[in-house]
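Coordinate analysis (summary)
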Amino acid sequence: AQSVTQPDIHITVSEGASLELRCNYSYGATPYLFWYVQSPGQGLQLLLKYFSGDTLVQGIKGFEAEFKRSQSSFNLRKPSVHWSDAAEYFCAVGAGSGGGADGLTFGKGTHLIIQP
Amino acid sequence: DTGVSQDPRHKITKRGQNVTFRCDPISEHNRLYWYRQTLGQGPEFLTYFQNEAQLEKSRLLSDRFSAERPKGSFSTLEIQRTEQGDSAMYLCASSSPTGGVETQYFGPGTRLLVL
């Protein structure tokens, strides 16, 4: 069975500073990987997804993520954060064709706090 | 495209009561998923449908939980004899796999509080 670990429960970053959120996965085959963001009162919004191809994936809102098979990691990055980026971020892994057949397995999330 | 909608957004019930939640997926999306999210945790997969067929239900939390999607459009999730431990956010997502990486689009959720 697949699993996802997000080691950081909370991260505080100053506005304008760079950001990296860590994600490690466990899965026996090539994984489908996702990053979602959840703001208070909002549904989960997909930031980016990966299965194959270029290991550096560009997403919405200026986010990118890098897949590193040797480290079983899929870390999310942003070069300069904005106050509106404050939210809960979830890494997820999918299995089966397209990544959805058994549902997604999510990490526990990282709560991002932006300091002015 | 109006997105995935869920109704109600909030539900307060007393222990032992039955509750039913509704999810309306994005039009033409043939897959529909249910997840549960408790405080401080990521969403936990419960079940999913391909059109009206429920293809995975072994992850439903107990036999008090059941889901339907009778005409392959909207879906309902019912919890019978609710317990305080059922208090959580229940999320619905839909997708339309067309090859490549499937994207699940999530609704705003129904927050359940069992007193």
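An account of the accompanying structure is given in this report. The structure displayed is predicted, hence computed values, not measured ones.

What counts and how
- Residues numbered from 1 in each chain as written.
- Chains lettered and ligands numbered in written order.
- Predicted model: local features only at pLDDT ≥ 70, side-chain atom pairs only at ≥ 80, totals over all residues.
- Heavy atoms only, no water.
- Helix = DSSP H or I, 4+ residues; strand = E, 2+ residues; numbered from the N terminus.
- Rg over C-alpha atoms; globule rule 2.2 N^0.38 Å.
- Buried < 20%, exposed > 50% of the residue type's maximum accessible area, 1.4 Å probe, protein only.
- Areas by Shrake-Rupley, 256 points an atom, 1.4 Å probe, with all protein chains shown as cover.
- Lys, Arg positive; Asp, Glu negative; His and termini not counted.
- Charge placed at Lys NZ, Arg CZ, Asp CG, Glu CD.
- Disulfide = S-S within 2.5 Å.
- Core = buried A, V, L, I, M, F, W, Y, C linked by side-chain atoms within 4.5 Å.
- Contact = heavy atoms within 4.5 Å.
- Buried area = accessible area lost by both parts, 1.4 Å probe.
- Salt bridge = Lys/Arg side-chain N within 4 Å of Asp/Glu carboxyl O.
- Polar contact = N/O pair within 3.5 Å; in protein donor to acceptor, adjacent residues only side chain to side chain.
- Nonpolar A, V, L, I, M, F, W, Y, C, P; charged D, E, K, R; others polar.
- Pairing = 2+ DSSP bridges.
- Axes fitted to C-alpha atoms, helices over the stretch in contact; angles between N-to-C directions.

Observations concerning the overall build of chain A
Of regular secondary structure, chain A possesses zero helices and twelve strands. Going from N to C terminus, chain A has its helices and strands arranged as β-β-β-β-β-β-β-β-β-β-β-β. For chain A, whose C-alpha radius of gyration is 14 Å, the value lies close to the compact-globule estimate of 13 Å for 116 residues. The principal-axis extent of the C-alpha atoms belonging to chain A is close to 40 × 30 × 25 Å. Put simply, chain A has 116 residues, and 49% of those count as buried. When the accessible area of chain A is evaluated, it comes to approximately 5,300 Å², of which 49% is carbon and sulfur surface. Computing the positive centroid from 8 side-chain charges and the negative centroid from 9, chain A places the two 3 Å apart.

Quick notes on the state of the cysteines
Note on terminology: disulfide describes a covalent bond linking the sulfur atoms of two cysteines. All names here are of chain B. If you walk through the whole model with that rule in mind, you get two disulfides over all chains. Shown here is the disulfide that connects Cys23 with Cys92, its sulfur atoms set 1.8 Å apart. Measuring the twist about the S-S bond at about -65 degrees, one finds the Cys23-Cys92 disulfide to be left-handed. Separated by 69 residues along the polypeptide, Cys23 in strand 3 (residues 19-24) and Cys92 in strand 9 (residues 88-95) bring together distant segments of the chain. Overall, the relative accessible area of 0% leaves Cys23 in the buried class. By relative accessible area, Cys92 is classed as buried at 0%.

Here's the deal with the nonpolar core
Residues and elements named next belong to chain A. Ranked by internal contacts, the top residues of the largest apolar core, which has 26 residues, are Leu19, Trp35, Leu47, Leu48, Phe74, Leu76 and Tyr89. For this core, the elements supplying multiple residues, two or more each, are strand 2 (10-14), strand 3 (19-21), strand 5 (32-38), strand 6 (44-50), strand 8 (64-68), strand 9 (73-78), strand 10 (87-94) and strand 12 (110-115). Considering each element in turn, this core owes the most residues, four residues, to strand 10. With residues near it in sequence (within four places) discarded, Leu19 still touches Ile11, Val13, Phe63, Leu76, Arg77, Lys78, Val81 and Leu112.

Things to note about the interface of chain A and chain B
The parts lose accessible area when they come together, and the size of an interface is often stated as this lost area. If you look at the interface, chain A gives 22 residues, while chain B gives 22 residues. Between chain A and chain B, the buried area comes to about 1,700 Å², and carbon and sulfur atoms account for 51% of it. Remark: the boundary between chain A and chain B carries zero salt bridges. Linking chain A with chain B are five residue pairs in polar contact (both at pLDDT 80 or more), by the criterion used here. Every element with two or more residues in the side of chain A that touches chain B is listed here: strand 5, strand 6 and strand 11 (104-106) of chain A. Tallied by class, residues from the side of chain A that touches chain B come to eleven nonpolar, eight polar and three charged.

Focus: the sheet that holds strand 1 (residues 5-7) of chain B
Residue and element names in this part refer to chain B. Overall, antiparallel pairing links the four strands, which are arranged 1-3-8-7 in an open sheet. Across the chains shown, the open sheet's two edge strands, defined by having one partner strand only, are strand 1 and strand 7 (65-68). Taking each pair of neighbouring strands and ignoring which way they run, the sheet shows an average axis angle of 15 degrees. Bridging between strand 7 and strand 8 (residues 75-79) involves four bridges; their strand directions are antiparallel. Along strand 8, the bridge assignment pairs Ala67 with Leu77.

Any functional reading would require information that these geometric values do not contain.
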